[in-house]
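Structural characterization, general
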Amino acid sequence: MQSNKGTFLDWSIRYHHYDAADEGRREALFALGNGYLVSRAATPESAEDKIHYPGTYRVGCYNRLSTLIEGKVVENDSLVNLPNWLPLTFRIEGESWFLLEEVEILTYQQELHLDKALLERHVRFKTREGRICSLFEKRFLSMAQEHLMVLQQEIKVENWSGTLEVRSGLDGDVQNNNVARYAPFNKRHLQILSSARIGQECLELVGRTVQSGIDIALLARTRLQQGGKSVSCHRTVQASVNSISEYVYVKLKQDESLVVEKVVALYTSHDKALSDCREATHKALAQAQDFESLFKAHAAAWKKLWQHCRLDMIPQDQLPFLRLHIFQILQNISLHAADLDVGVPPSGWQGEEYHGQIFWDEMFLFPFLTFRFPTIARSLLLYRYRRLDAARSLAREAGYQGAMYPWRSARSGREETPLLQYNLYSKHWMEDFTYLQYHIGAIIAYSISNYVEVTGDKLFLADYGAEMLIEIARFWASLAQYNPESDRYEIRGVVGPDEHHTRYPDANPKDKLQRGINNNTYTNVMAAWTLLRAGQMYHQLTEQQQKDLQENIQLSPGELEKWESISRKIYLVILKDGTLDQFKGFIDLKSFDLEAFRQKWGNQRVDWRLVAQGDDTNHYKLSKQADTSLLLYLFSPTELQGILQHMGYSLSMEQLKKTIDLQMVYTANESSLSRIIHAGALAHLDGEASWLLFQKAQQIDLSPSEDEGSSEGIHLGAMGGTLGVIQHHYAGIGVQEGTLSFNPALPDSLMEFSLNLLFRGVELECRINRERIWVKSLNRQATDVTIRHARTTHKLTGGESFCFIIKV
């Protein structure tokens, strides 16, 4: 199957040509990781330039730098680009060092194997002097030994004999240069402390982040082989302030090959169970075997991961895309990340977009993770719990109660959203009020509820989850303002998921009280749901657990009653036709001709371009991304109707559909999340429209024309969203009161699919088509679980299969 410039096979993606203009996107898409480290797919022979960016990142390794911008100190806690472990190249005696841009490429193939997380490259080329060589390269970041990065090159000489010089090294002369709009910021996060040759085979480089004080140690071992035998040869070493390299000379005859194997260990001082990161690298490499042995263990670890992620469908044309999305989730957030105290960055850990900070993107991965890797899902919630006190402080500083989680966070839990962002079109700074997206607290509450329902982990609820839920509910209760004229509670001065509307057209942005918009529908519904759900989850605790929580956070029964009352009276903007408006006054804004804008400006960002032209998106009925539609991504139509009825509103299915249709008209789709959100929202309302959007969403990051920023990282949230639509919407899988329920809504183009799930510790195999739902418990020793479709409920015993008949 051909997708843009790459060829999709069942378990791999292959490119048949080199494209310098597209190399940045491929470096991000083909990056390799293991949950601890991520390394971009830059060529080993290249350094950072306009084409290549060889970024290496330790998950959750941040450093804070300050920059003076227009008289204001702007701080960014940024994911740090670590020393480049890749440098490995060669040259024929008397010629230049090998670079793709300086040779005639005769054949080229680059292939990412998803099943075993292996990146291969095969290049046959001719030098300026007419010498022909073949290069076959393999690399992986070990999933079995997360501190190891492994690279192998086989160089074959074809029409010549002579001396080949090989250079291998470690480069610490790096900055955070991946994102063009961050050029004005200070970007040198690393100071190199030392470099050294260790023994006959190894090079060492040690650095430290300049503010957070994290030590990073790398130790690289390079070995050479000919004909399966080790090559002993003289090595020379050159070291500068920030890098170290070694040089080896080997004589080759025509048709002979040289195999170069490079294994690098990386540890930091923040890693657990070690006293010294340098010592740890030495121990790791002393125990590391050769490429094939390391790869065997790595491939076995990936095989185990894929066993938890079985997914099949008829037809299978969309399956390779879903496998790519699963692969990206697993390599960014594997079990190795579960103990690192990290969240989910929107662009994964393979780029520097948004400084690697954490937004709300775990919501799109949670349905996949909770049903397969509950330990990872739990760790993402613990990242939020460890920052609960910081969220409480943010609420107090803003004049509210409870916990106000920041829109963007990193290490400490402080609000990381910058108050200024650089406009690449106007070359000026713009004020940024997106920190007013308080709705992130509701998503954290939603994820807690989802995790506890799927896993049955009541100890987590008692020890961590209930406290977060209560404090988030307290925040919403204090934010909601009672309006006696309407006898409703209003939530004012916020920014919704749309992000294009951060104030009203006539508001003074210098006045903090005039920032934000009022009664965003998504925010208000999620606030009501959180207030209601916090009380429901509280009552799942035992009496003693309730008493302990009351004493710990001074919770009174009257608070719960007040929240339930507020949740019933939160105001929503209902239009004359009974549909939901995005926020108070949205429908009254000026119309915007998006088609004319695209004809003139192409895929430029609307908000930046309008500001550069002296205009502002706040004046228009134009959303950056899905907003109100997100409610029908999180909840089924029936569930949403129930929430709205609780709030005192009644919307028919037709009115919900019209609400989504109107939202889509006004959405610019300038976020990778829009299409997949709308695909989920329409799944039960318009199956074919949903499927068309789903197919488009599958193409994310696969073409340079799809997103100009795809070299800065992938769109991990959108990738998780595609899996969420399959599972939560098309399969209709959910949990209600301890029962696994199925409410499928298969589009006409999707005949059947099957997947494995882990529900309350029981592994299940599920197969769904238009007539039947088969559910099988895969372990005879498993405990019983309750499953339901429509009005039929069944207690599934260990090893049993059961079939629901779908009545049309």
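Chains are numbered independently. Their residues run from 1 in the order of the written sequence. Thresholds applied to this predicted model are a pLDDT of at least 70 for local features of residues and 80 or more for the giving and counting of side-chain atom pairs; totals over whole chains, interfaces and linings are not thresholded and use all residues. The side-chain values count all of the structure's non-hydrogen atoms but skip hydrogen atoms and water molecules.

**Remarks on the overall build of the protein**
Selection criterion: Only DSSP runs of H or I reaching four residues or more are called helices, and only runs of E reaching two or more are called strands; each is numbered from the N terminus. We take the radius of gyration over the C-alpha atoms and set the globule estimate at 2.2 Å times the residue count to the 0.38 power. Buried, partly exposed and exposed residues are distinguished by accessible area as a fraction of the type maximum, computed with a 1.4 Å probe on protein chains only: under 20%, between the cut-offs, and over 50%, respectively. Every residue pair with non-hydrogen atoms within 4.5 Å of one another is taken to be in contact. A residue counts as positive if it is Lys or Arg and as negative if it is Asp or Glu; His and the chain ends are not included. By convention, the charge on Lys lies at NZ, on Arg at CZ, on Asp at CG and on Glu at CD.
A tally of helices and strands in the protein yields 20 helices and 34 strands. The globule rule puts the C-alpha radius of gyration for 808 residues at 28 Å, and the 27 Å found for the protein is close to it. Projected onto its principal axes, the C-alpha positions of the protein cover 90 × 70 × 55 Å. Here the protein holds 808 residues, and the buried ones make up 62% of them. Long-range contacts, defined as pairs at least 24 residues apart, comprise 67% of the intrachain contacts of the protein with a sequence gap of at least 6. Side chains of the protein give 87 positive and 99 negative charges; the mean places of these two sets differ by 2 Å.

**A few points about the environment of Ala534**
Structurally, Ala534 is set in helix α10 (residues 521-538). Considered as a pair, Ala534 and Ser134 are 400 residues apart in the sequence and their alpha carbons are 63 Å apart. Apart from residues no more than four positions distant in its own chain, Ala534 is found in contact with Leu469, Ile470, Ala473 and Trp563.

**Focus on the pattern of salt bridges**
Put simply, the rule is: The salt bridge definition used is simple: a Lys or Arg side-chain nitrogen within 4 Å of an Asp or Glu carboxyl oxygen.
Applying the stated criterion across every chain, the model contains 50 salt bridges. Arg208 is the salt-bridge partner of Asp215, the closest N and O atoms lying 2.5 Å from each other. A relative accessible area of 34% places Arg208 in the partly exposed class. The residue Arg503 makes a salt bridge to Asp616 at a minimum N-O spacing of 2.8 Å. One end of the pair, Arg503, is in the loop between β26 (488-490) and α10; the other, Asp616, is in the loop between α14 (606-612) and α15 (630-634), and 113 residues separate them in sequence.

**Some words on the packing of helix α9 (residues 458-479) against α10**
Our working definition: To get an axis, fit a line to the C-alpha atoms, keeping to the stretch in contact for a helix; angles then go from 0 to 180 degrees between the N-to-C directions. Convention used here: angles under 35 degrees read as roughly parallel, angles over 145 as roughly antiparallel, angles from 65 to 115 as roughly perpendicular, and any remaining angle as oblique. Crossings are assigned a handedness: left-handed for a near helix turned anticlockwise from the far helix by less than a right angle, right-handed for a clockwise turn.
Interhelical geometry of α9 versus α10 gives an angle of 140° and a closest axis separation of 9 Å. Classified by the angle between their axes, α9 and α10 sit oblique to one another. Our pair here, α9 against α10, has a crossing hand that is left-handed. Residues Leu461, Leu469, Ile470, Ile472, Ala473, Trp476 and Ala477 of α9 lie in contact with α10, whose contacting residues are Thr523, Ala527, Thr530, Leu531, Ala534 and Met537.

**Brief notes about the side chain of Thr523**
To keep things clear, this is the line we draw: Pairs of N or O atoms are called polar contacts if they sit within 3.5 Å, as long as, within protein, a hydrogen donor faces a hydrogen acceptor (for residues adjacent in sequence, only side-chain-to-side-chain pairs).
By the secondary structure assignment, Thr523 is in helix α10. According to the relative accessible area criterion, Thr523 is buried, its value standing at 1%. In terms of polar contacts, Thr523 uses its side chain to reach the side chain of Asn520, at 2.7 Å.

**Some details on the packing of aromatic side chains**
Which entries qualify depends on this criterion: In this analysis, rings of Phe, Tyr and Trp, with Trp reduced to its six-membered ring, are considered paired at centre separations within 6.5 Å, and the interplanar angle assigns stacked below 30 degrees, edge-to-face beyond 60, and tilted for intermediate values. Criterion for a charge above a ring: Lys NZ or Arg CZ within 6 Å of the ring centre, and within 35 degrees of the ring normal.
What the rule picks out here adds up to 44 aromatic pairs. Considering the side-chain rings of Tyr18 and Tyr108, the 5.8 Å spacing of their centres and the 55° angle between planes classify their relative orientation as tilted. Note that Tyr18 is positioned in the loop between β3 (12-15) and α1 (23-29) and Tyr108 in strand β10 (residues 104-113), a separation of 90 residues in sequence. The pair Tyr18 / Tyr108 is uniform in exposure class, with both members buried. Between Arg167 and the ring centre of Trp97, over which it is positioned, the NZ or CZ distance is 4.3 Å. Positioned above the aromatic ring of Tyr354 is the side chain of Arg181, whose terminal nitrogen or guanidinium carbon lies 5.8 Å from the ring centre.

**Some remarks on unusual backbone geometry**
Negative phi characterises most residues that are not glycine, and trans characterises most peptide bonds. A cis amide bond links Ile314 with the next residue in sequence, Pro315, at an omega value of -5°. For Pro315, the location among the structural elements is in the loop between β22 (311-314) and α4 (319-332). The phi dihedral of His355 falls on the positive side, at around 60°, and the residue is not glycine. Following the sequence through the fold, His355 ends up in the loop between α4 and α5 (362-370).

**Let's talk about the pairing of strand β16 (residues 202-209)**
Under the convention used in this document: Strand pairing follows a simple DSSP-based rule, namely that at least 2 bridges must link the two strands.
Where burial is concerned, most of β16 is hidden: seven out of the eight residues are buried. Relative to β16, strand β15 (residues 190-198) runs antiparallel, the two being bridged by eight bridges. In the strand pairing of β16, Ile198 is matched with Cys202. Connecting the antiparallel pair β15 and β16 is a turn made up of three residues, with Gly199 showing a positive phi of about 65°. Between β16 and strand β17 (residues 215-226), which pair antiparallel in sequence order, lie five residues; one of them, Gly213, sits at a positive phi of approximately 70°.

**What to know about the packing of helix α18 (residues 673-682) against helix α19 (residues 687-697)**
Where α18 meets α19, the closest approach of the two axes is 8 Å, and the angle between their N-to-C directions is 155°. Here α19 runs roughly antiparallel to α18, going by the angle between their axes. Note on packing geometry: the crossing formed by α18 with α19 is left-handed. Across the interface between the two elements, Arg675, Ile676, His678, Ala679 and Leu682 of α18 pack against Gly687, Ala689, Ser690, Leu693, Phe694, Lys696 and Ala697 of α19.

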